[in-house]
Amino acid sequence: MRVIVIGAGIGGLTAAIALRRAGFDAAVYERAAELTEVGAGISLWANALRALDHIAAGDAVRAVSLGLVRSEFRVNDGRTVVASYRAADFERRYGVAPFIAMCHRADLIAALAGCLPAGVVRCGHECVGLEQDGSRVTVRFANGHTDNTDVLVGADGIKSVVRTHLLGPEPPRYSGYTCWRGVCPRPASLPPGSAGEWWGRGRRFGITTLPGDRVYWYTGVNAPAGQRAADEKAACAEAFRGWAAPVPELIASTPPAAVLRNDSFDRPPTREWAKGRVVIVGDAAHPTTPNLGQGGCMAIEDAVVLARCLKRGPDVPASLAAFVRERFARTAAVTNESWRLGRVGQWEGRAACWLRDRLFRVLFPLVGEHSFSKFAAFDVGPFGEPRA
Ligand SMILES: Cc1cc2nc3c(=O)[nH]c(=O)nc-3n(C[C@H](O)[C@H](O)[C@H](O)COP(=O)(O)OP(=O)(O)OC[C@H]3O[C@@H](n4cnc5c(N)ncnc54)[C@H](O)[C@@H]3O)c2cc1C
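Scope of this entry: the structure provided in the associated data block. (Residues numbered from 1 in each chain as written. Predicted model: local features only at pLDDT ≥ 70, side-chain atom pairs only at ≥ 80, totals over all residues.)

A short note on helix 2 (residues 46-54)
Within helix 2, eight of the nine residues are buried, which leaves it mostly tucked inside the rest of the structure. Taken together, the buried positions of helix 2 are Ala 46, Asn 47, Ala 48, Leu 49, Arg 50, Ala 51, Leu 52 and His 54. The inward-facing, buried residues of helix 2 contact strand 3 (41-45), helix 3 (58-62), helix 4 (87-94), strand 7 (100-104), helix 9 (295-310) and helix 11 (350-375). (Buried ≥ 20, exposed ≤ 12 C-beta atoms within 10 Å, placed from the backbone. Helix = DSSP H or I, 4+ residues; strand = E, 2+ residues; numbered from the N terminus. Contact = placed C-beta atoms within 7 Å.)

Okay, here's the thing in C-alpha cells:
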C-alpha cells in the first residue's frame, strides 16, 4: 500500500519512519526548498521518546539531545523557587531516559530525516489541493506535479491545506500571548541539563539548555494578535527589563536576527480528522498552545499509532477511524490543559499572581506529578500488535 505524507515536520517525518517500518511505501512531500526548522529548541518528553523507541528512532534523537537534570519554576525576582524537580526521579519511575530530551529543532529534523532512506522526502512540493474517490487520492502541487496514493496523511501543520479540505477554512484560536524565542551561548550560571520557567505578571520566560553549550529561551507575553515591533530583540528586552539574571543577559547575548516572534494559537478539539482515505495528524489535527511542551510529542505519538492502525488490514477508512478513536481523547486533553495552564500563567493582577505562585508551590507536588504521569508516563503501546 502506498502512503503519501504532506509535510516534513516532526509529525510527517516520524509518520514516514513508522509507516516504512510497518512495511508501507511511504513518501513525504515538503513545501520548503530544503529540510530546515526555525532557530529554536524543543523539549521531547518521555512519552515521545518511548514512542520513537517503538520505531527504532529514539537513539537518533537522544544523540542530538541533552537530558534534563533539574527543572525549576521561579518568580521573576529570580530568588523565589516556586517548584522544582529532578529528572532522575521520574526516569526511575517511568523506566525511560532521559525524562525530557532537549534539542535544537534543526538537529531533531535532521535526526528524524536520517532515519529515512534518501529520496523518501521530496522538498519544493507545496500541496495545493486533493481529490479522492473510493480507491485512490490524487494530490496536486503548486509546481504542477501530481501524484496519487492509497492513503494521504496531512502532517502540514496548523494552517494545513489537508485539514481545510476535510473541514473547510477555519481560523485558529488566538491565546492572547505572543512568544519570542532565541538560541544563545550558555552562561556559566546555567549548568548543562538545567531548565526552568520564570513567572511574572502577564509574562513568563522559559529556559532550556541545549547540546553544544547553548541555551534556548522562550517567552509568553500578553499582546494583541499580530502586533509586531521594528526591532523584536529590543521589544523583548524591554518586556523583561528588571527581571533577575540570567533573563536579561540571555536576550542580550542573542543575535538580533535570531530573535523569533510567533503568536500562540491552537484550535478547539474536533474529531473530524479523517474522511475516506485522507487523515490529518500532529498540528494539522490538534494544534495546542506550547504550555505543556507536548505538541510535538503528540505528533510523534500520532505517527506511531497511525502506522499501527493502518497495519490492521486493507480497509483504510476503518483503520483511519480506529486511529481517530485511539488519539482523540488524549490529544484533546493536552490542548485543553495547555490552554488552561496558559491562562493562569499569563495572569496580570498583582494579587492573583501572588496567590498563584503560592498555590503552585503547595499544589505542584500533587498536581504536577499527576500531570506528568498523565502525559509523560504514557506508552502508545507496542508497535507490532494492534492495541487491545
Ligand atoms: C513556541 C512553541 C514552543 C513549542 N515547544 C514545544 C516543546 O517544547 N515540545 C513539544 O513537543 N512541542 C512544542 N511545540 C509544539 C510543536 O512545535 C508542534 O506541535 C510540532 O512542531 C507539530 O509538528 P507537525 O509536524 O505536526 O507540524 P509542523 O512542525 O508545523 O510541520 C509542518 C510541515 O509541513 C510543511 N507544510 C505546510 N504546508 C504544506 C503544504 N501545503 N505542502 C507541503 N508541505 C507543507 C511545513 O513546511 C512543515 O515542514 C511548541 C510550539 C511552539 C509554537
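From this point, things continue past the structure.
Quick word on the environment of Val 121
Structurally, Val 121 can be placed in strand 8 (residues 121-122). Classification of Val 121 as buried rests on a count of 21 C-beta atoms within 10 Å. On a C-alpha basis, the gap between Val 121 and Leu 13 in space is 8.3 Å, while along the polypeptide they are 108 residues apart. In this structure, Val 121 is in contact with Ala 8, Val 28, Glu 30, Leu 35, Ala 113 and Leu 116, ignoring residues within four places of it in sequence.

Focus: the nonpolar core
Within the largest apolar cluster, 111 residues are counted, with the highest numbers of intra-cluster contacts made by Val 5, Ala 15, Ala 18, Val 153, Val 279, Val 281 and Leu 306. If one sorts the elements of this core by residue count, helix 9 sits on top with 11 residues. With near-sequence residues (within four places) excluded, Val 279 lies in contact with Val 153, Gly 154, Trp 273, Ala 274, Leu 306, Leu 320 and Phe 323. (Core = buried A, V, L, I, M, F, W, Y, C linked by C-beta atoms within 7 Å.)

As for the site of the ligand
Around the ligand there are 34 residues in total, and Gly 7, Gly 9, Gly 157, Gly 282 and Gly 295 lie nearest to it. Elements that contribute at least two residues to the shell around the ligand include exactly helix 1 (10-21), strand 3, strand 13 (173-185) and helix 9. (Near = placed C-beta within 6 Å.)

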